[in-house]
Amino acid sequence: MPWPQEGQAAVKLPGTGTVSTYGKQKPVPTASVAKVMTAYVLLQERPLKKDGEGPMIEVDGKTVQEGRSKHESRVEGLTVGQKFSQQDMLKMLLIPSGNNIARLLARWVTESRTETAFVRKMNDAARKLGMKDTTYTDPSGLDAGTVSTAVDQLKLAEAVMKFDAFRAVVALPKADVDGLGEPLINNMDRLLMSDLSIRGIKTGSNTPAGGTLVWAAYKTVGHRTQLILGTMLDQHADGPDPNGATSLTLVQDNSKKIVQAVRDALTSATAVRKGQVVGHLDDGLGRHTSLVAAEDFTVVGVPGQLGRHEDHPVSYGAPALRESRYQGRGPDRGQWLGRGEGPADPAEQPVEAVFGGQADPVGLILTLSGILGGRAQVPRVRQDFDRGISCWSRKVWKGSRRSRRGEFRGR
C-alpha cells in the first residue's frame, strides 16, 4: 500500500473488515472533517429523504456576520431572514465547507442560541459508534480541540453513508442553490472528477490539522459493486502552508494513490459452488438435514486482507450478519460461534456465510439465522486460493427448519 510518509490512515471494505491501517492511531485535529459528524447528527435528528427538500431554515445575524470572516471557510453573501431548505443547507455545509452554516445548523437542531447542546449530541453519537479516541468541541472542526483518529473516522463514514441524502450531496462536484450569487464548488472536486469512482466524502484543512480527508469510492467486481472507505489525517506539507491549503492538496494526492491501489487489488473468486453440501444440521432428535448451497457463493476482497466479517453489508440494502466471532486454528481450521434471530421461515431470513483468511486457504464459516436448538457439523472446506479474501453476506443456503432463534457451532 502506498502509504504517506507521515500521519495516519485507514482503509476499509464495509462488510468484510479493515483492509489496512497506517501510523499510530492517536487523536489529532480533524479540521472540517468534523462536519461529517455534524451532518450525521443533523440527519439523525431531522431525517431527510434523498430527493427531499426538508423544512426551511432561516439565516440569523450571527451566520451573516461569520460569513464575513477572512480566516475560515464560510458561505458569504447571506442576509438576515433568508430561508433555505434543509437540503440546501446540507449542501452549504458539506460542499464548500461553510463553518457558519455548521454553527447555524447546530443551533437550529437544538433550538438553542449556542452550539453547546449540539456538540454534546456529537460526542454522544461518537460514543455510540465506538469512536473511543474522538472528542468534538465544535460543529465546524475549526477548533483544534476537535480531535479523532483515522480508524474512528472510518466508523463514522460507514454509518453516515447509509443516509441517501448524505451520499447524494457529497458526490456533487458543484451545486447551484437559489439565493446564492454563485455555485458551490466542492473542495475535493479534483478527486470527484477523477476516473477512480470517488463519490465524496469530506476534506479538511487548517494549520493545526494540516490536510485531512475522508473518502468513499466504488469498484464493480463481477456483478457486485463494492464500497471502499478511507481516511487520512495529519498530513503537513513542507514550506508555506497558509491555513493548511498546501496540505489539503497533499492529502488529496496521497489519498488518490491509496484509492488506486485498493481498486487495482480488489478481486473476487467463487468460494462455494451451487449444489455443494457444506454441512449437516442435527436437531438433537436424531434427524439430520443437509445444508446445500443454493447458488454460487462469490467472495470479494483484496489479497492479504484479514478474514473478518462484520455487522455491516457491503452494499446498502444487503442483509447484515447478526453477530459473529471467528478464531483461526491453523491455515484451514477455525471455530465459529454465532447467534441470530429471524422470521419463522428460513426462506424469508437469509442464511449468511463468510469466507475469510489471510495468506492460506481457510475454513468456511456459516451463520445460521433461524435454526432452533440445532447444531450443525460443518466439514472444512478448502478452496484453491493462494491469497486471503474476505467476503460479504449473500442468501445462498437452502433450509427446511422453521424457528425464531438458533445457535450454530462448527469446526
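Bear in mind that the values here come from a model prediction, so they are computed numbers and not experimental data.

Colleague: Would you mind going over the overall build of the protein chain with me for this structure?
Modeller: Check the secondary structure of the protein chain and you find nine helices and 22 strands. Counting all 411 residues of the protein chain, 54% fall into the buried class. Long-range pairs, those at least 24 residues apart, make up 69% of the contacts in the protein chain with a sequence separation of at least 6. Entry remark: accessible area of the protein chain is about 18100 Å², with carbon and sulfur atoms responsible for 46%.

Colleague: Help me understand the pairing of strand β11 (residues 224–235), please; the structure alone is not making it clear to me.
Modeller: Across the twelve residues that make up β11, a large majority, eleven, are buried. Here strand β1 (residues 8–13) runs beside β11; their pairing, made up of five bridges, is antiparallel. If you follow Val11 over to β11, its bridge partner there is Gly230. Inspection of the sheet shows strand β10 (residues 210–221) paired to β11 by ten bridges, in the antiparallel sense. Across the sheet, residue Val214 finds its bridge partner in β11, namely Thr231.

Colleague: Could you clarify how one ought to interpret unusual backbone geometry in this entry?
Modeller: Residues apart from glycine generally show negative phi values, whereas peptide bonds are mostly found in trans. You will see that Ala31, though not glycine, has its phi angle at about 55°, which is positive. By secondary structure assignment, the location of Ala31 is in the loop between β3 (28–29) and α1 (35–45). We classify Ala31 as buried; its relative accessible area is 2%. A positive phi angle, close to 55°, is found at Asn243, a residue other than glycine. When you line up the elements, Asn243 lands in the loop between β11 and α9 (245–265). Judged by its relative accessible area of 46%, Asn243 is partly exposed.

Colleague: What is the right way to read helix α4 (residues 99–110) from this model?
Modeller: Note that an α-helix has 3.6 residues per turn; residues three or four places apart therefore point the same way. The first and last C-alpha atoms of α4 sit 17 Å apart over twelve residues, in line with the 16 Å expected at 1.5 Å per residue. Burial within α4 is extensive, with twelve of its twelve residues counted as buried. When we look at burial in α4, the residues that qualify are Asn99, Asn100, Ile101, Ala102, Arg103, Leu104, Leu105, Ala106, Arg107, Trp108, Val109 and Thr110. On the buried face of α4, the contacting elements are α1, β4 (56–58), α2 (61–66), α3 (86–94) and α5 (116–128). Positioned one or two residues after α4, Glu111 has a phi angle of 50°, which is positive.

Colleague: Would you take a moment to explain the nonpolar core for this structure?
Modeller: For soluble globular proteins, the rule of thumb is that nonpolar side chains tend to be buried together. The biggest cluster of nonpolar side chains holds 57 residues, and the ones touching the most others in it are Met37, Met89, Phe166 and Ile201. Those elements that place two or more of their residues in this core are α1, α3, α4, α5, α6 (150–160), α7 (164–170), β10 and β11. For Ile201, the contacting residues outside a window of four places in its chain are Val36, Ala157, Met161, Phe166, Val170, Met188, Val214, Trp215, Ala216 and Leu229. One finds Leu13, Ile198, Val251 and Leu266 within the second-largest nonpolar core, a separate group that totals 23 residues.

Colleague: What is the right way to look at the pattern of salt bridges in this model?
Modeller: Two side chains carrying opposite charge are able to pair once their charged atoms lie near each other. Evaluated as defined, the whole model comprises 14 salt bridges. For Arg103, the salt bridge identified is with Glu66, shortest N-O distance 3.3 Å. Placement of Arg103 in helix α4 and of Glu66 in helix α2 is noted, with a sequence separation of 37 residues between them. Classification of Arg103 as buried rests on a relative accessible area of 11%. Taking the shortest distance from any N to any O, the salt bridge between Arg107 and Glu115 comes out at 2.8 Å. If you follow the salt bridges from partner to partner, you end up with Asp60, Lys62, Arg107 and Glu115 in one network.

Colleague: Just to check I follow, could you spell out the packing of α1 against α3 for this structure?
Modeller: Pairs of packed helices are described in terms of their axes, by the angle between the two and the distance that separates them. Across the interface, α1 lies against α3 with an axial gap of 10 Å and an inter-helix angle of 165°. Considering their axes alone, α1 and α3 lie roughly antiparallel with respect to each other. Here α1 and α3 pass one another in a crossing that is left-handed. Contacts between α1 and α3 involve Lys35, Thr38, Ala39, Leu42 and Leu43 from the first element and Gln86, Leu90, Leu93 and Leu94 from the second.

Colleague: Is there a simple way to think about the packing of α1 against α4 in this case?
Modeller: Contact geometry of α1 with α4 gives a least axis separation of 11 Å together with a crossing angle of 30°. One way to sum up the angle between α1 and α4 is to call them roughly parallel. Here α1 and α4 pass one another in a crossing that is left-handed. Here Lys35, Thr38, Leu42 and Glu45 of α1 lie close against α4, whose contacting residues are Asn99, Ala102, Leu105, Trp108 and Val109. Taken together, the residues of the contact of α1 with α4 sort by class into five nonpolar, two polar and two charged.

Colleague: It is not clear to me how the pairing of strand β13 (residues 277–282) should be interpreted in this structure. Could you clarify?
Modeller: Every other side chain in a regular strand lies on the same face of the sheet, so the side chains alternate between the two faces. Judged from the five bridges that link them, β13 and strand β14 (residues 288–293) form a sheet pairing that is antiparallel. Opposite Leu281, over in β14, you have Thr289 as the bridge partner. Hairpin connection, β13 to β14: the antiparallel pair is bridged by five residues, and Gly284 has positive phi, about 85°.

Colleague: Explain the environment of Ile228 here, please?
Modeller: The topology assignment puts Ile228 in strand β11. Given the relative accessible area of 0%, Ile228 is considered buried. Residues within four places of Ile228 in sequence aside, it is in contact with Val11, Lys12, Leu13, Trp215, Ala216, Ala217, Val262, Arg263 and Leu266.

Conventions adopted
Residues numbered from 1 in each chain as written. Predicted model: local features only at pLDDT ≥ 70, side-chain atom pairs only at ≥ 80, totals over all residues. Heavy atoms only, no water. Helix = DSSP H or I, 4+ residues; strand = E, 2+ residues; numbered from the N terminus. Buried < 20%, exposed > 50% of the residue type's maximum accessible area, 1.4 Å probe, protein only. Contact = heavy atoms within 4.5 Å. Areas by Shrake-Rupley, 256 points an atom, 1.4 Å probe, with all protein chains shown as cover. Pairing = 2+ DSSP bridges. Expected span 1.5 Å × (residues − 1). Core = buried A, V, L, I, M, F, W, Y, C linked by side-chain atoms within 4.5 Å. Salt bridge = Lys/Arg side-chain N within 4 Å of Asp/Glu carboxyl O. Axes fitted to C-alpha atoms, helices over the stretch in contact; angles between N-to-C directions. Parallel < 35°, antiparallel > 145°, perpendicular 65-115°, else oblique. Left-handed = near helix turned anticlockwise from the far one by under 90°. Nonpolar A, V, L, I, M, F, W, Y, C, P; charged D, E, K, R; others polar.

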